[in-house]
Amino acid sequence: MGIEEEYKAPRFKEEKHLDFEILSDELMYSPHTILGCGDKIVISGYSNSGGPTCYVYDEEGELLEAGIRQGRGPAETMAGYMNVTEDNGIITYHDIMLQQSLSFNLSDFFSDDVLSVEKKQLDLPGWCSFFLEIPDGRELRIISRSYLNDLELPQRTIELMDREGDVFSYDSSPFEDRMESYYASSQPFVAVSPDGSKMVMGSSVGMVLEVFSLKDRIELTSVRKFMEPKITPNEYGYERRPDSVYGMEYLKAYEDGIYALYDGETTYSQMSGDRNRLLFRNIATFDWTGAPQMLYKTDYRVRNMCLLDGSIYAVLQDREGKCYLGKAGRVTK
């Protein structure tokens, strides 16, 4: 098992500049997740109160359909668009706020009939900061407890519940400081391999990657400590120290490895001095031990990305804050 005890910035084997082709007009909503589904691109996001949260495009960037409005109705979601998965054409929203999953067949999106949506109420534990239904029927949950209370309990617990309801737990954290652990896991970045056998978790402060096996139970297989959190608590939560470096934002998992939206150079003081500065202009890849592989550099802030037919599709943001759907080729590792 590869465990790194000291922080060490990633060194990539190769760097490549990606020239993105802009496919769409400006996205008139706030995009969140992008998925490749057959020959379609699905972007989830927030438009306005009661507006659609699911937008379907073809591979040329033409908007085909929009739906799944925000709300509490039978075919609506409140926050599920923030955690969306796809499996064999089935799109599933995972809503922490309502403790619900919402699923629908993407092909039904284009039918004249009323869209058939399946909702399932979930009984999630307290302090649950993330949950995901794996396509094989298991459920993944992350519990991030207060760093000020319940000190006799682990700050973080990762639970894997099998189809029979048996729960396997992992209680350790790569952060010795309970406050750092709390903020790293209260809004974690998580991705599961397409076959459901592996999971990667990334910290939302600093940059630490943990890789787990999910074959029979949950088992840590690798930890890579790339960047220190460098945060200080305040009355509102925490603040970054001036020399803290922005690490990563969002993860995607594929059989060939892990993809992360990556910065790795911008400090908090630089960002404070230039609010128009573009963060996370890179897409970094790692193997399933967490070892750095490729660094793709772009001219945009990459809000999220996915792979489809050998290309990278991404939600891109320019310096004016406008977002677009873009496409670029990629090299094979």
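Structure first, text after, so check above.
Residues numbered from 1 in each chain as written. Predicted model: local features only at pLDDT ≥ 70, side-chain atom pairs only at ≥ 80, totals over all residues. Heavy atoms only, no water.

Re the overall build of the protein
Then comes step 1: When you go through the protein residue by residue, the secondary structure sums to 2 helices and 28 strands.
Then comes step 2: Its C-alpha atoms put the protein at 55 × 45 × 40 Å along the principal axes.
Then comes step 3: Counting all 333 residues of the protein, 55% fall into the buried class.
Then comes step 4: Nonlocal contacts in the protein, meaning residues at least 24 apart in sequence, comprise 48% of its contacts between residues at least 6 apart.
Then comes step 5: Here the protein displays about 15,400 Å² of accessible surface, and carbon together with sulfur accounts for 43% of that area.
Then comes step 6: Charged side chains in the protein number 35 positive and 56 negative. The centres of these two groups are separated by 5 Å. (Helix = DSSP H or I, 4+ residues; strand = E, 2+ residues; numbered from the N terminus. Buried < 20%, exposed > 50% of the residue type's maximum accessible area, 1.4 Å probe, protein only. Contact = heavy atoms within 4.5 Å. Areas by Shrake-Rupley, 256 points an atom, 1.4 Å probe, with all protein chains shown as cover. Lys, Arg positive; Asp, Glu negative; His and termini not counted. Charge placed at Lys NZ, Arg CZ, Asp CG, Glu CD.)

Observations regarding unusual backbone geometry
Then comes step 1: With phi around 50 degrees, K230 is a residue other than glycine that occupies positive phi space.
Then comes step 2: Given the relative accessible area of 22%, K230 is considered partly exposed.
Then comes step 3: Phi is positive for Y250, which is not a glycine, with a value near 75 degrees.
Then comes step 4: Here Y250 lies in strand β22 (residues 248–254).

Considering the pairing of strand β16 (residues 189–192)
Then comes step 1: Every second residue of β16 is oriented toward a common face, with F189 and A191 on one face and V190 and V192 on the other, all of them buried.
Then comes step 2: The pairing of β16 with strand β17 (residues 198–202) spans 4 bridges and is antiparallel. Bridged to V190 within β17 is M201.
Then comes step 3: Here β16 hands over to β17 after 5 residues, with G196 in that stretch at a positive phi of 75 degrees. (Pairing = 2+ DSSP bridges.)

Examining the sheet that holds strand β28 (residues 323–329)
Then comes step 1: The sheet built from 4 strands is open, its strands ordered β3-β28-β27-β26 with antiparallel pairing. Each edge of the open sheet carries a strand with a single partner, namely β3 (21–22) and β26 (301–308).
Then comes step 2: Of the pairings in the sheet, the one linking β26 to strand β27 (residues 311–317) comprises 7 bridges and is antiparallel in character. Within β27, the residue paired with R301 across the bridge is Q317.

As for the nonpolar core
Then comes step 1: By size, the foremost hydrophobic cluster in this structure holds 30 residues, and its most contacted members are I43, I283 and M305.
Then comes step 2: Put simply, the parts of the chain that give this core at least two residues each are β5 (40–46), β6 (52–58), β23 (257–262), β25 (292–297), β26, β27 and β28.
Then comes step 3: Counting residues in hydrophobic clusters, the runner-up holds 26 residues, among them I134, M199, V205 and F212. (Core = buried A, V, L, I, M, F, W, Y, C linked by side-chain atoms within 4.5 Å.)

Looking at the packing of aromatic side chains
Each aromatic ring pair is summarised here by two numbers: the centre-to-centre distance and the angle between the ring planes.
Then comes step 1: Enumeration over the complete set of coordinates arrives at 16 aromatic pairs.
Then comes step 2: With a centroid separation of 3.7 Å and 0 degrees between ring planes, the pair formed by Y29 and Y55 is classed as stacked. You can see Y29 sitting in the loop between β3 and β4 (30–37) and its partner Y55 sitting in strand β6, a full 26 residues away along the chain. Residue Y29 shares its accessibility class with Y55, and that shared class is buried.
Then comes step 3: Three or more aromatic residues joined by ring pairs form one cluster here, namely F12, F226, Y262 and F286.
Then comes step 4: We note K225 situated over the ring of Y7; from NZ or CZ to the ring centre the distance is 4.9 Å. (Phe/Tyr/Trp six-rings, centres within 6.5 Å; stacked < 30°, edge-to-face > 60°. Lys NZ or Arg CZ within 6 Å of the ring centre and 35° of its normal.)

Some thoughts on the environment of V192
Then comes step 1: Relative to the helices and strands, V192 is located in strand β16.
Then comes step 2: Between the C-alpha atom of V192 and that of I258, which follows or precedes it by 66 residues, the distance is 9.5 Å.

Observations concerning the sheet that holds strand β2 (residues 14–17)
Then comes step 1: What the 5 strands build is an open sheet, ordered β2-β25-β24-β23-β22; its pairing is mixed. Edge positions in the sheet fall to β2 and β22, since each has one partner strand and no second. The average angle at which neighbouring strand axes cross in this sheet is 20 degrees, direction not considered.
Then comes step 2: Pairing geometry for β2 and β25, over 4 bridges, is parallel. Looking at the pairing, K16 lines up with Y296 of β25. (Axes fitted to C-alpha atoms, helices over the stretch in contact; angles between N-to-C directions.)

Remarks on the pairing of β25
Then comes step 1: Within β25, 5 of the 6 residues are buried, which leaves the element mostly enclosed by the surrounding structure.
Then comes step 2: Here 4 bridges tie strand β24 (residues 282–286) to β25, and the two strands are oriented antiparallel to one another. If you follow I283 over to β25, its bridge partner there is Y296.
Then comes step 3: Here β24 folds back onto β25 in antiparallel fashion, the turn holding 5 residues, of which G290 has a positive phi close to 85 degrees.

Details of the side chain of T33
Then comes step 1: Position of T33 relative to the elements: it lies in strand β4.
Then comes step 2: Judged by its relative accessible area of 9%, T33 falls in the buried class.
Then comes step 3: In this structure the side chain of T33 is engaged in a polar contact, spanning 3.2 Å, whose partner is the side chain of H32.
Then comes step 4: If near-sequence neighbours (up to four positions away) are discounted, T33 is found in contact with V42, I43, S44, Y81, M82, V84 and N304. (Polar contact = N/O pair within 3.5 Å; in protein donor to acceptor, adjacent residues only side chain to side chain.)

A look at the side chain of Q317
Then comes step 1: Within the element layout of this structure, Q317 appears in strand β27.
Then comes step 2: The buried category is assigned to Q317, whose relative accessible area is 15%.
Then comes step 3: Polar side-chain contacts of Q317 include one of 2.6 Å to the side chain of R303.
Then comes step 4: With residues up to four places along the chain from it excluded, the contact list for Q317 reads L278, Y300, R301, R303, K322 and C323.

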